[in-house]
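# Structural overview
Residue strings, one per chain:
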Amino acid sequence: MNRVLVTGGAGYIGSHVARQLGEAGHDLVILDNLSKGFRDAVLYGELVVGDTGDRDLVSELLRRHRIDSVMHFAAHTVVPESVANPLKYYANNTCCTRSLIECCVAAGVRNFIFSSTAAVYGIPATGSCDEDTSTMPINPYGMSKLMSEHMLRDVCTASAMRHVILRYFNVAGCDPHGRIGQSTREATLLIKVACEAAVGRREGIAIFGTDYPTPDGTGLRDYIHVEDLADAHLRALGYLETGGSSATLNCGYGHGYSVREVLDMVEKVAGLKLNIREEPRRPGDPPGLIAVADRIRHILDWAPRYDDLQAIVRSALAWERTPRY
Ligand code: UD1
């Protein structure tokens, strides 16, 4: 079993991964400043409230808990906000990651698993990308993550630390047992927003762009259930622990759905009609973004268990119907 520091472990994806790590018997320390995360989302391990960029705190935690592996989720993730306030994103997502990596190397951390994003690809020519597709982010969020990827690769080449970079496509859904979920305030992600509308927490939902060169004119994305994504993290840890070399892996199912298909599914699962408006394209949105996801299956022996839009929506909607933290 590993001793793992999970940054951002009180947030949406981090809390699901931490829960699976705890269930698997790993020793955990969660570092989260609770700016977006929730204390109640931490089901396993000790929660330390603090910043990833706080060198003294991070170094002390790494040493005191004899951490051998770090999973780094703490980040800002709202694309339009990154366009409006790029330095906020470079400060937190890039500079704090640099500081964390430095502390990890100094403390002899062996394994570093990094939350990256499909946003590093920008607008891929064909709409689908493998890990060798050129990276050309079109927003500061994607660039802030790509810069961290480069730092991590360079540092791992120059040190004994090894990494797995996981490039998430569109993460959705919640713990199927309803213990934790996605509680992000003022969320912008499609499935979350649609489910909030379905339970009456929003008056409706907008489709951003109906004139894309896609079959029904709306954006196509590869939606991956957070439980499958969390499983990929545990497998990445096992892979590094058994001597696997550093790797960069797409996390998606390899096929996608349009915005209209997602909204149809939310209506079907909720058993009601949403109040849907059509609006112009949202700046910075590519028409389609679908993973070529063969490498992760091969390298991590990963096989999705929730590759089913209905299951994703059902778990997301169930969470919206549970009382809030
Ligand atoms: C973006 C990032 C992704 C990041 C995620 C988290 C890109 C290419 N991707 O995902 O890496 O992890 O943000 O912030 O930058 N939509 C609507 N109405 C809504 C909300 C969304 O029509 O109210 C549409 C969007 O136009 C898009 C699709 O739904 O076509 C998915 O959007 P969203 O859920 O916001 O995620 P991305 O922007 O794809």
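Here the structure is shown first, and the text comes after it.
Residues numbered from 1 in each chain as written. Predicted model: local features only at pLDDT ≥ 70, side-chain atom pairs only at ≥ 80, totals over all residues. Heavy atoms only, no water.

## Considerations on empty space enclosed by the protein
Picture a little ball the size of a water molecule; that probe, rolled over the atoms, points out where space is still empty. In this structure the tally under the stated criterion is one cavity of 30 Å³ or more. One number sums up the size of the largest cavity: a volume of about 40 Å³. Tyr12, Gly173, Cys174, Gln182, Ile191, Lys192, Cys195, Ala316, Trp319 and Glu320 are the residues that line the largest cavity. At the level of elements, α6 (190–198) and α10 (309–321) are the ones that each hand at least two residues to the lining of the largest cavity. When grouped by side-chain class, the residues that make up the lining of the largest cavity number six nonpolar, two polar and two charged. (1 Å grid on protein atoms, 1.4 Å probe; cavity = no way out; pocket = protein on both sides within 12 Å on 5 of 7 lines; lining within 4 Å. Points joined across faces, edges and corners; volume = space filled by probe spheres on them. Helix = DSSP H or I, 4+ residues; strand = E, 2+ residues; numbered from the N terminus. Nonpolar A, V, L, I, M, F, W, Y, C, P; charged D, E, K, R; others polar.)

## Brief notes about the side chain of asparagine 139
Summarising the element assignment, asparagine 139 is placed in the loop between β6 (128–129) and α5 (140–158). Here glycine 142 takes part through its backbone nitrogen, which lies 2.8 Å from a polar atom of the side chain of asparagine 139. Non-local contacts of asparagine 139, meaning those with residues more than four positions away in its chain, are made with Val79, Ser82, Val83, Ala119 and Gly284. (Polar contact = N/O pair within 3.5 Å; in protein donor to acceptor, adjacent residues only side chain to side chain. Contact = heavy atoms within 4.5 Å.)

## Topic: the site of the ligand
Surveying the vicinity of the ligand reveals 22 residues, the closest of which are Thr77, Thr117, Ala206, Arg221 and Asp285. Calculation on the ligand without its partners gives an accessible area of 740 Å², and the protein chains cover 93% of this total. Among the elements that make up the shell around the ligand, the one with the highest residue count is strand β9 (residues 205–208) (four residues). When the residues that make up the shell around the ligand are grouped by side-chain class, the tally is 13 nonpolar, six polar and three charged. Mapped onto the domain boundaries, the shell around the ligand takes at least three residues apiece from domain 1 (3–172 + 223–251) and domain 2 (190–221 + 254–320). (Near = heavy atom within 4 Å. Areas by Shrake-Rupley, 256 points an atom, 1.4 Å probe, with all protein chains shown as cover. Domains from an automatic or database assignment.)

## Re the pairing of strand β4 (residues 69–72)
Going residue by residue along β4, you find Ser69 and Met71 tucked away on one face and Val70 and His72 tucked away on the opposite face as well. Two elements, strand β1 (residues 3–7) and β4, share four bridges in a ladder whose sense is parallel. When the bridges of β4 are listed, leucine 5 appears paired with valine 70. Pairing of β4 with strand β5 (residues 111–117), which is carried by four bridges, proceeds in the parallel orientation. Bridge pairing links histidine 72 to phenylalanine 114 in β5. (Buried < 20%, exposed > 50% of the residue type's maximum accessible area, 1.4 Å probe, protein only. Pairing = 2+ DSSP bridges.)

## Focus on the layout of surface pockets
As a volume, the second largest pocket reaches approximately 160 Å³. Looking at the lining of the second largest pocket, the element that brings in the most residues is α10, giving five residues. Here the residues of the lining of the second largest pocket are counted per class, giving seven nonpolar, four polar and two charged.

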